Amino acid sequence: MTDTHTPSPVVADAPTAPVQTCRSCAAPLSHTLVDLGLSPLCETFIDAADAERGEVFYPLRAMVCDGCWLVQVGDYVAPDVIFDDTYPYFASYSDSWLAHARRYVDAMVDRLQLDESSRVVEVGSNDGYMLQYMVQRGIPSLGVDPTANTAAAAKEKGVDTLVDFFGLDVAKRLVAEGWSADLVAGKNVMAQVPDLNDFVAGLAELVSPTGTVTIEFPHLVTMIEELEFDTIYHEHFSYFSLVAVQDVYARHGLVVTDVEELSTHGGSLRVYAQRSDGNPDVAPSVDALLARERELGVDTLAFYEDFAGDVARIRHELVGFLQDARAQGKHVVGYGAPGKGNTLLNHAAIRSDLLEYLVDRNPVKHGRLTPGTRIPIFPPDRLAETKPDVILIMPWNLREEIAAQLAYTREWGAELMVAIPQLTTL
Ligand SMILES: [Zn+2]
């Protein structure tokens, strides 16, 4: 008999096959951290004109590699589908992120003695939010970013930007053009790279023998301990511990030389590295953090075991609260429409019957609907016009900044809340 199997009509073609091996060390992947079901791309906001059209949902499942301990999402969506010209994330809309970028520039200029003879390259430079401060100090700087609309915004700030995906080929080209760099910076970009080994090989190629690489990313330990499951989405391929970073860096001749813990994005690491052929000194902070991670059990499966159950608890808690609020006739809305808000909304199947609307400062999102859940997005003025009873702050990492901005909503008695790591009134 011939094979009679035909694909189910509901299955959309995946542009690439799901990853079955680790994107860092290539070991087979068999351990699920959490299965979040099906979700659309979390930054694909829907135009009102498309409200009657369908959209594609992809599996969203995080796996943990027991070879190198990289946590990762399967390769379900091709990167050029994700980072096209409509990618709406502009870093400059967050005041606290801009302040963070400015402090970073001050610290690096000081630490690395950067001046007009230096070369600084930022990979994932977005709208030039960080490099603008390097340029203002007269330090030759170049951004690399695959998204044309954010690169155009960077050019308006005087930040020259190469529109491309960073990797070994781009690094070789830049070195040939005189951009062998004293500082290669990357903030929240390494997690969004599908081909991790090519990206790290590019960092090692681009940095000069005496230069420094700094990469910032949300710390996996914080994600697990604080139950930040909404930072899991298709655009966010990798979730790093220092143990996992050291492993991929070593493969490409980079030595971790220092590490700082930052409060950004709920708890991030800034990892410094240099080429091994430059005989770098290693600060005590590196062994100290590696020892702490191992003590917590980052390199054991036990560390990851309770996460999925805790995520289910958060989902039930939030949905129960929203249903009760609705039964009591309360109006509940959300502040902020970040990508990660959409992981939470889709996973918990929260639509506009439970959360009437979202507001966001980014005008690109106004008049659009959230992917999957189709909740309308308005400018923040909408809050004062409708005076909701409860405002759920979606970007919990900015809860203090946003609660301060929303102080005026206390006048009509609005309650400000976050859902993660547990439902809390601020
Ligand atoms: Zn691995």
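Since this is a predicted model, take the numbers as computed values, not measurements.

Turning our eyes to something else, we now look at the coordination of the zinc ion. Ideal values for angles at a metal depend on the geometry: 109.5 degrees with four tetrahedral donors, 90 or 180 degrees with six octahedral donors. Looking at the zinc ion, one finds its protein donor set to be Cys 22 (SG), Cys 25 (SG), Cys 65 (SG) and Cys 68 (SG), positioned 2.3 Å from the metal centre. Here the zinc ion binds four donor atoms, and the angle range of 100 to 117° at the metal identifies the geometry as tetrahedral. Within one chain, the residues serving as donors to the zinc ion are arranged as C-x2-C-x39-C-x2-C. With Cys 22 in the segment before strand 1 (31-39) and Cys 65 in the loop between strand 3 (58-64) and strand 4 (71-73), this residue pair connects regions lying 43 residues apart in the sequence.

With antiparallel pairing, the four strands of this open sheet are ordered in space as 1-3-4-10. Each end of this open sheet is capped by a strand with a single partner; those strands are strand 1 and strand 10 (238-239). Both strand 1 and strand 3 contribute to a ladder of six bridges, which runs antiparallel. The residue of strand 3 that forms the bridge with Asp 35 is Arg 61.

Strand order in the open sheet formed by seven strands is 7-6-5-8-9-12-11, with mixed pairing between adjacent strands. Of all strands in the sheet, those bounded by a partner on one side alone are strand 7 (161-163) and strand 11 (254-262). Pairs of neighbouring strands in the sheet enclose a mean axial angle of 20°, with direction left out of account. Note that strand 6 (residues 141-145) and strand 7 share three bridges and pair parallel. Each residue of the ladder has a partner; that of Gly 143, found in strand 7, is Thr 161. Set on the sheet, helix 2 (residues 95-112) makes contact with strand 8 (181-187), strand 9 (207-218), strand 11 and strand 12 (268-275); between it and strand 8 the angle comes to about 155°. Its contacts with the sheet place helix 8 (residues 242-251) against strand 9, strand 11 and strand 12, and it is angled at close to 155° to strand 11.

Quick look at the packing of helix 8 against helix 9 (residues 284-296) now. As a packed pair, helix 8 and helix 9 sit with axes 9 Å apart at the nearest point and diverge in direction by 120°. As the angle between them shows, helix 8 and helix 9 are arranged oblique. Residues Leu 242, Val 243 and Gln 246 of helix 8 lie in contact with helix 9, whose contacting residues are Val 286, Leu 289, Leu 290, Glu 293 and Arg 294. Looking at the contact of helix 8 with helix 9, its residues break down into five nonpolar, one polar and two charged.

In this structure, Phe 199, Leu 203, Ile 232, Tyr 249, Tyr 304 and Phe 307 are the most contacted members of the largest nonpolar core, which totals 108 residues. Looking at which element gives the most residues to this core, the answer is helix 10 (residues 307-327), with eight residues. Residues lining this core come from more than one domain, with at least three contributed by each of domain 1 (91-304) and domain 2 (307-425).

Time to look at the packing of aromatic side chains. Considering all chains together, one arrives at seven aromatic pairs under this definition. Plain terms: the ring middles of Trp 97 and Tyr 129 are 6.0 Å apart, the flat faces sit at 25° to each other, and that makes the pair stacked. With Trp 97 in helix 2 and Tyr 129 in the loop between strand 5 (120-123) and helix 3 (131-136), this residue pair connects regions lying 32 residues apart in the sequence. One exposure class covers both Trp 97 and Tyr 129, and it is buried. A ring pair is formed by Phe 303 and Tyr 304, whose centres lie 5.1 Å apart and whose planes are at 90°; its orientation type is edge-to-face. According to the relative accessible area criterion, Tyr 304 is buried, its value standing at 3%. Among the aromatic residues, those joined into a ring-pair cluster are Trp 69, Phe 303 and Tyr 304.

Moving on, we get to the packing of helix 6 (residues 196-206) against helix 8. The description of two helices packed together rests on the angle between their axes and the distance between the axes. Relative orientation of the contacting elements helix 6 and helix 8 amounts to 65°, with a least axis distance of 9 Å. As summarised for this structure, helix 6 and helix 8 are arranged roughly perpendicular, according to the angle between their axes. Seen from above, helix 6 lies across helix 8 with right-handed handedness. Residues Leu 196, Asn 197, Val 200 and Leu 203 of helix 6 form the contact with helix 8, whose participating residues are Val 248, Tyr 249 and Arg 251. Across the contact of helix 6 with helix 8, the residue classes break down as five nonpolar, one polar and one charged.

Cut-offs applied
- Residues numbered from 1 in each chain as written.
- Predicted model: local features only at pLDDT ≥ 70, side-chain atom pairs only at ≥ 80, totals over all residues.
- Heavy atoms only, no water.
- Donors = N, O, S within 2.8 Å, 3.2 Å for Na, K, Ca; no water.
- Tetrahedral: all angles 85-135°; square planar, octahedral: opposite > 155°, others 65-115°.
- Helix = DSSP H or I, 4+ residues; strand = E, 2+ residues; numbered from the N terminus.
- Pairing = 2+ DSSP bridges.
- Axes fitted to C-alpha atoms, helices over the stretch in contact; angles between N-to-C directions.
- Contact = heavy atoms within 4.5 Å.
- Parallel < 35°, antiparallel > 145°, perpendicular 65-115°, else oblique.
- Nonpolar A, V, L, I, M, F, W, Y, C, P; charged D, E, K, R; others polar.
- Core = buried A, V, L, I, M, F, W, Y, C linked by side-chain atoms within 4.5 Å.
- Buried < 20%, exposed > 50% of the residue type's maximum accessible area, 1.4 Å probe, protein only.
- Domains from an automatic or database assignment.
- Phe/Tyr/Trp six-rings, centres within 6.5 Å; stacked < 30°, edge-to-face > 60°.
- Left-handed = near helix turned anticlockwise from the far one by under 90°.

Function cannot be inferred from these measures alone, as they are strictly geometric.
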